[in-house]
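Examination of the molecular architecture
Take a look at the letters that make up each chain.
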Amino acid sequence: MKSSSNTIETKAYSESGDSLFLEDVNFTPQGKTISELEDFLMQNKEPKYRATQIFEGLYKHRYKSWDEFTNLPLNLRNKLKLVSEFQEMKVSHHLVSVDGTQKFSFEIEPGKEIEAVWIPSGDGDRKTICISSQVGCTLNCSFCATGTLKFQGNLKTWQILNQVLTVESLVGDKATNIVFMGMGEPMHNYKEVIRAAEILNHPKAFHLGAKRITISTAGVVPSILKFIEEKQPYNFAISLNQSNPNTRSEIMDINKKFPLNELILAAKKFVNELDRVITFEYVMIPDKNMSDENIAAMAMIASRVGKCKFNVIPLNTSFHGWRTPTQNEIDLFVLKLKSKTKVPIMNRRSPGKEIGGACGMLALERKEINK
Ligand code: SAH
């Protein structure tokens, strides 16, 4: 944290008319794009090209304080120290599962926690970090543990990226894929999420291919349209979860605001205008959304949308008396779905179950503690 004496010093420079960084004394370098860093430097009469060096220092070399920025001249580093502060997020829990999944809880500030999960694939080729975009969520999907938590705000870009930096540093490895499928609704924190994706994708930063970054939404239609309009290059997933338009609102409140038909039209627009595949996620909940009618409706949706695939995943929490499907139920569901549609169907395993690391389970442990 910047000390108050620094602030006084900065003010003194100001009064002496020295060209220092006076515009934004609380400037946080983390989470900034090159053009934002350029603006900051220019406002403060420093050369623009330093922005790229700062950007690389932050996300490629992963420096944690100005002292580490040996790619910058000492006098510049000293100026930067006076007017900006590096932020930190405390890791409050770190759990390791037998299957290699690791769960991390971060304390954003006292009483505000988020989580990220490291998920290695069985063969070790794919290493995914599932990250949060909000503290809690406003959506209240009835099968999701995050919905049971109080919503406590949007994450800043640096807080989104810090999850990746910290997980990679503690695991001692780098992710091949990032999914915005932790806590929160990414489309409700659009600007910060897109900026984080841009930095994850940037060749001078994390340098992850746009197709290796997946943004997932429960179905915020206007933001999906914005995403299409802006031609965002990232992978996109819609949490369908119920193919029957008449009952989807029973498990996903958001369907009352943006009904399934509108959502399908947005998905179709995505495929047509961007000429890319869209993913539908489908949480399998026995006696709720796994009937033959559901399967027929899923196939119908696939034929309406065209280029799409299904990511089916077993429910892994047991709220409201619902239960996780048995292996037989899952196999039968997938088999029937395969017989009705030609689109790819990915049958996702549920990683790190015993550490509460799987989708929708992130808030469970905390709930136990709060009881
Ligand atoms: N709000 C976004 C991203 C967070 S949820 C969205 O809805 O897409 C990420 C994924 O986890 C979603 O597909 C969601 O349906 C799934 N999920 C939530 N709770 C789950 C649970 N209990 N079991 C299995 N998957 C779950």
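Our structure's up above, just so we're on the same page.
Now for a description of the structure that goes with this document. Since the structure is predicted, the reported quantities are computational estimates derived from the model, not experimental observations. (Residues numbered from 1 in each chain as written. Predicted model: local features only at pLDDT ≥ 70, side-chain atom pairs only at ≥ 80, totals over all residues.)

On a plain count of helices and strands, the protein chain comes out with 13 helices and 12 strands. Across the 371 residues in the protein chain, those meeting the buried criterion constitute 42%. Expressed as a percentage of contacts within the protein chain between residues at least 6 apart in sequence, the contacts between residues at least 24 apart total 66%. (Helix = DSSP H or I, 4+ residues; strand = E, 2+ residues; numbered from the N terminus. Buried ≥ 20, exposed ≤ 12 C-beta atoms within 10 Å, placed from the backbone. Contact = placed C-beta atoms within 7 Å.)

The angle between the axes and the distance between the axes are what describe a pair of packed helices. The interhelical angle for the contact between helix H5 (residues 157–171) and helix H6 (residues 190–201), taken along N-to-C directions, is 45 degrees, at an axis separation of 8 Å. Viewed along their axes, H5 and H6 adopt a mutual orientation that is oblique. Along this stretch, H5 crosses H6, giving a crossing that reads as right-handed. Residues Thr157, Ile160 and Leu161 of H5 lie in contact with H6, whose contacting residues are Glu192, Val193, Arg195, Ala196 and Ile199. Considered class by class, the residues forming the contact of H5 with H6 number 5 nonpolar, 1 polar and 2 charged. (Axes fitted to C-alpha atoms, helices over the stretch in contact; angles between N-to-C directions. Parallel < 35°, antiparallel > 145°, perpendicular 65-115°, else oblique. Left-handed = near helix turned anticlockwise from the far one by under 90°. Nonpolar A, V, L, I, M, F, W, Y, C, P; charged D, E, K, R; others polar.)

Before going further, it helps to examine the sheet that holds strand S11 (residues 308–314). In spatial order, the strands read S1-S2-S3-S4-S7-S8-S9-S10-S11-S12; together these 10 strands make up an open sheet with mixed pairing. Edge positions in the open sheet fall to strand S1 (90–96) and strand S12 (345–347), since each of these has one partner strand only. The average angle at which neighbouring strand axes cross in this sheet is 20 degrees, direction not considered. The strands touched by H5 within the sheet are S1, strand S2 (102–109), strand S3 (112–120), strand S4 (127–130) and strand S7 (177–180), with S2 carrying the most contacts at an inclination of about 135 degrees. (Pairing = 2+ DSSP bridges.)

This paragraph deals with the pairing of S11. S11 sits mainly inside the fold: 5 of its 7 residues count as buried. Looking at chain direction, strand S10 (residues 278–284) and S11 are connected through 7 bridges and run parallel. For glutamate 281, the partnering residue across the bridge sits in S11 and is asparagine 311. For the crossover that starts at S10, traverses helix H11 (residues 292–305) and ends in the parallel S11, the hand is right-handed. Direction of pairing for S11 relative to S12: parallel, over a ladder of 3 bridges. Each residue of the ladder has a partner; that of phenylalanine 310, found in S12, is isoleucine 345. Handedness of the crossover joining S11 and S12 through helix H12 (residues 327–340) is recorded here as right-handed. (Right-handed = clockwise from strand over helix to strand, strands pointing away.)

A few words now on unusual backbone geometry. One non-glycine residue, histidine 207, adopts positive backbone phi at about 55 degrees. Relative to the helices and strands, histidine 207 is located in the loop between H6 and strand S8 (213–217). Residue classification places histidine 207 among the exposed positions, given that 12 C-beta atoms sit within 10 Å.

What is shown is where atoms sit, not what they do.
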